[in-house]
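So you can see what is in the structure, the chains are spelled out below.
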Amino acid sequence: MDDAKICVGAIMGAFGVKGEMRIKSFCAEPADIATFKPLTDEAGAKEFTLKITRPIKGGFAARDPKIRFKDQADALKGTALYAARDQLPNLPDDEFYHSDLIGLDVLDTGGAKLGRIKAVFDHGAGDLLEITGPNLKGGILLPFTKEAVPTVDLGTKRVIIDPPEGVFPE
């Protein structure tokens, strides 16, 4: 994965028979996905220039000038869409792109290393950090709140956590 790119959405398949695609946006403002040009697949091998045609349940219907038929759109189902990091807005100090958090070391308030952030999940009620480490069977899910994660230091590539009692094994 290239650090110069951020995943901003995905192609969910065809919408209709004339090459429109069903797009799911991961942007804070979902329609902003069409402002990033060009979008690419993860490898950077395919480029997409989306024009949103209308909102639909769970996302948008969109066109790309190179996609003219349903079978072309269906063949792209599951393709993650990436934008160049320099096209994305700068975030306030207390907000982070998920890709910036993945791989950071996790330390407790005493400085002991507990593990590493494997993934960030957003199921609608707030972000969860999946933390894995040698003493953690299957990983731990920790709410990404100011109380549980008081310090995120991207410069040193670590987070300091203060988890609720009983979350981590003794």
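Since the structure is predicted, the reported quantities are computational estimates derived from the model, not experimental observations.

### Things to note about the sheet that holds strand S12 (residues 151-153)
Strand order in this open sheet of 6 strands is S11-S10-S9-S8-S13-S12, and the pairing throughout is mixed. Strand pairing shows two members of the sheet lacking a second neighbour, strand S11 (136-143) and S12, which therefore form its edges. With direction set aside, neighbouring strand axes in the sheet form an average angle of 30 degrees. Two strands pair when backbone bridges link them, and strand S10 (residues 127-133) and S11 are joined in this way by 5 bridges, in the antiparallel orientation. Bridging from a neighbouring strand, Ile-131 pairs with Ile-140 of S11.

### Remarks on the side chain of Ser-25
Along the chain, Ser-25 turns up in strand S2 (residues 21-25). Since its relative accessible area comes to 14%, Ser-25 is described here as buried. A polar side-chain atom of Ser-25 sits 3.2 Å from the main-chain amide nitrogen of Cys-27. A polar side-chain atom of Ser-25 sits 2.9 Å from the main-chain carbonyl oxygen of Pro-30.

### Digging into the nonpolar core
Within the largest apolar cluster, 20 residues are counted, with the highest numbers of intra-cluster contacts made by Val-8, Met-21, Ile-23, Leu-39, Leu-50 and Leu-81. For this core, the secondary structure elements donating two or more residues are strand S1 (5-14), S2 and strand S7 (80-84). Among the elements that make up this core, the one with the highest residue count is S1 (4 residues). Judged by nonpolar contacts, the second largest core, of 15 residues, contains Leu-104, Ile-117, Leu-129 and Ile-161.

What counts as what
- The numbers attached to residues start from 1 for each chain and follow its sequence in the written order.
- Per-residue local features of the predicted model are confined to residues with pLDDT of at least 70, and side-chain atom pairs are confined, for both listing and counting, to 80 or more; whole-chain, interface and lining totals are unaffected and use all residues.
- Only hydrogens and water are set aside when side-chain values are computed; all heavy atoms of the structure are taken into account.
- Strand pairing is defined by DSSP finding a minimum of two bridges between the two strands.
- Put simply, DSSP marks the helices as runs of H or I at least four residues long and the strands as runs of E at least two long, and each gets a number from the N terminus on.
- Axis lines are fitted to C-alpha atoms, over the contacting stretch for helices. Their N-to-C directions set the angle, which ranges from 0 to 180 degrees.
- Remark: exposure states derive from per-residue accessible area (1.4 Å probe, protein chains only) relative to the maximum for the residue type, with buried under 20%, exposed over 50%, and partly exposed in between.
- Any pair of nitrogen or oxygen atoms within 3.5 Å is treated as a polar contact; in protein, a donor-acceptor pairing is required on top of that, and neighbouring residues in sequence qualify only through side-chain atoms on both sides.
- Definition of nonpolar core: a set of buried residues of the types Ala, Val, Leu, Ile, Met, Phe, Trp, Tyr and Cys, connected through side-chain atoms within 4.5 Å.

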